[in-house]
Amino acid sequence: MLKIGPYEFNSRLLLGTGKYPSFDVQREAVEASATEVLTFAVRRMNIFEAGQPNFLEKLDLKKYKLLPNTAGASTAEEAVRIARLSKASGLCDMIKVEVIGCSKTLLPDPIETIKAAEILLDEGFIVLPYTSDDVVLARKLEELGCHAVMPCASPIGSGQGIINPINLQFITEQATVPIIVDAGIGSPADAALAMGLGADGVLLNTAVSSADDPVKMAKAMKLAIEAGRLGYEAGRMPQKRYASASSPAEGMIFS
Amino acid sequence: MKVVINGDAMELPDTVNRVSLLLEHFNLEQKVVIVELNQHILDKSTHAETILTDGDRIEIVHFVGGG
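Just so it is clear, the structure is predicted and the values come from calculations on it, not from any experiment.

A. Geometry of the overall build of chain B. Across its full length, chain B holds one helix and five strands. The helix and strand sequence of chain B, counted from the amino end, reads β-β-α-β-β-β. Its C-alpha atoms give chain B a radius of gyration of 12 Å, within 12% of the compact-globule value 11 Å for 67 residues. Expressed along its principal axes, the backbone C-alpha trace of chain B runs to roughly 40 × 25 × 20 Å. Going through the 67 residues of chain B one by one, you find that 48% of them count as buried. Across chain B, every contact between residues at least 6 apart in sequence was considered, and the portion connecting residues at least 24 apart equals 53%. A total accessible area of about 3,400 Å² is found for chain B, and carbon and sulfur atoms account for 48% of it. Both charge centroids of chain B, one from 5 positive and one from 11 negative side chains, sit 3 Å from each other.

Right, dumping it as structure tokens:
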């Protein structure tokens, strides 16, 4: 069970809703992933095209918790404004604090992220900050009162997988709030590794939406995250440098 | 009256003088939208009574796909 603030989830996969080839594929992928948390962005509406379909309207909102992000913000002030707008919808009180500090790498601005998290925690939000894989920063966000911390595996949408497994493991080992690996996951193997390193969940988007078959990939991610978590709970064997025979040395027919 | 909606200057009929009427004017009354008036986020329950005046800056936002 994944617990974030007051909420409990059976699924440890949090799914993004961007860049799918069609709403139909997206709906099927969401179903196949068995996710219970969907992320969204907040944007200006095209008021002259009210009839345009919107994925949110196609969802049974009783089945999902919404996790709006503050994507597009580059300062704490902008992130707070987006968070407040999302909460005013009356549909959610969770917020993924995402304050980008570098347009090329989309890596977060740690100082503005901390500022935004502080304000939003004060206002009663359930705060999940997107952060780099910095061990001290993750701890400081937890100490601030964040309900989960979401370090990236590698840059957003890059699909490069986990580029610093050691840092990620340091982060999961020290944490007492859920650690959700957010961004950079490219394959089910990456997702399973994240869980094996002790992550409590994985947030991904492009790995599913840009797969050749997003529905199949959504299912693969679900299974990988479950397998990775089970393996973590089971406790992996220690690694050794040399071989160690699995069959007994006694009773050989040659002696 | 002249207002700015989502960054675009436009002219509204004088009868569209409440936020709720504005949403109806653009057929948005059934949509999940959030309205900000002059940088002040409005609670849905206040849409019907919130008066629009000349020069207002209005943001109408919604949720879109994102990660």
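Moving on from the coordinates now.
B. Inspection of the interface of chain B and chain A at higher detail. Listed as interface residues are 25 residues of chain B and, on the opposing side, 32 residues of chain A. Carbon and sulfur atoms make up 62% of the area that chain B and chain A hide from each other, which totals about 2,500 Å². Where chain B meets chain A, there are three salt bridges. The interface formed by chain B and chain A holds 17 residue pairs in polar contact (both at pLDDT 80 or more) in total.

C. Representation of the environment of Pro248(A). All names here are of chain A. If you trace the backbone, Pro248 turns up in the segment after helix 8 (214-234). Judged by its relative accessible area of 60%, Pro248 is exposed. Expressed as a C-alpha distance, the spacing of Pro248 and Glu112, which sit 136 residues apart in the sequence, is 60 Å.

D. Representation of the packing of helix 1 (residues 23-33) of chain A against helix 8 of chain A in the model. Residues and elements named next belong to chain A. Taken N-terminus to C-terminus, the directions of helix 1 and helix 8 make an angle of 20°; their axes are 8 Å apart at the nearest point. Classed by the angle they form, the pair helix 1 and helix 8 counts as roughly parallel. In the packing of helix 1 onto helix 8, the handedness of the crossing is right-handed. When helix 1 is examined against helix 8, the residues Val25, Glu28, Ala29, Ala32 and Ser33 are found in contact with a partner set consisting of Pro214, Val215, Ala218, Lys219 and Lys222.

E. Quick look at the UniProt feature "active site" (unreviewed entry) in chain A. In the numbering used here, UniProt assigns the feature "active site" (unreviewed entry) to Lys96(A). Considering the arrangement of structural elements, one finds Lys96(A) in strand 6 (residues 94-97). The residues contacting Lys96(A), other than those within four sequence positions of it, are Leu67(A), Pro68(A), Asn69(A), Thr70(A), Leu128(A), Tyr130(A), Met150(A), Asp182(A), Leu203(A) and Gly67(B).

F. Geometry of the nonpolar core. Phe40(A), Leu120(A), Val127(A), Ile185(A), Leu204(A), Val208(A) and Met221(A) are the most contacted members of the largest nonpolar core, which has 65 residues in total. With sequence-adjacent residues up to four places away left out, Phe40(A) is seen in contact with Thr17(A), Phe55(A), Leu56(A), Leu59(A), Leu66(A), Leu67(A), Pro68(A), Asn69(A), Phe63(B), Val64(B), Gly65(B) and Gly66(B). Counting 21 residues, the second largest nonpolar core, distinct from the first, contains Met10(B), Leu22(B), Leu23(B) and Leu28(B).

G. Structural context of the environment of Ala218(A). Residue and element names in this part refer to chain A. Relative to the helices and strands, Ala218 is located in helix 8. Spatially, the C-alpha atoms of Ala218 and Glu173 are 28 Å apart, while their sequence positions differ by 45 residues. Excluding anything up to four places from it in sequence, Ala218 contacts Leu13, Ala29, Ala32, Ser33 and Val208.

H. Spatial organisation of empty space enclosed by the protein. The final tally for this structure, using the stated rule, is one cavity of 30 Å³ or more. In this structure, the largest cavity spans a volume of roughly 40 Å³. What lines the largest cavity is simply Met45(A), Asn54(A), Leu56(A), Glu57(A), Lys31(B), Val32(B), His62(B) and Phe63(B). A class-by-class count of the residues in the lining of the largest cavity yields four nonpolar, two polar and two charged.

About the thresholds
Residues numbered from 1 in each chain as written. Chains lettered and ligands numbered in written order. Predicted model: local features only at pLDDT ≥ 70, side-chain atom pairs only at ≥ 80, totals over all residues. Heavy atoms only, no water. Helix = DSSP H or I, 4+ residues; strand = E, 2+ residues; numbered from the N terminus. Rg over C-alpha atoms; globule rule 2.2 N^0.38 Å. Buried < 20%, exposed > 50% of the residue type's maximum accessible area, 1.4 Å probe, protein only. Contact = heavy atoms within 4.5 Å. Areas by Shrake-Rupley, 256 points an atom, 1.4 Å probe, with all protein chains shown as cover. Lys, Arg positive; Asp, Glu negative; His and termini not counted. Charge placed at Lys NZ, Arg CZ, Asp CG, Glu CD. Buried area = accessible area lost by both parts, 1.4 Å probe. Salt bridge = Lys/Arg side-chain N within 4 Å of Asp/Glu carboxyl O. Polar contact = N/O pair within 3.5 Å; in protein donor to acceptor, adjacent residues only side chain to side chain. Axes fitted to C-alpha atoms, helices over the stretch in contact; angles between N-to-C directions. Parallel < 35°, antiparallel > 145°, perpendicular 65-115°, else oblique. Left-handed = near helix turned anticlockwise from the far one by under 90°. UniProt positions renumbered as here; feature names shortened; annotations may be inferred. Core = buried A, V, L, I, M, F, W, Y, C linked by side-chain atoms within 4.5 Å. 1 Å grid on protein atoms, 1.4 Å probe; cavity = no way out; pocket = protein on both sides within 12 Å on 5 of 7 lines; lining within 4 Å. Points joined across faces, edges and corners; volume = space filled by probe spheres on them. Nonpolar A, V, L, I, M, F, W, Y, C, P; charged D, E, K, R; others polar.

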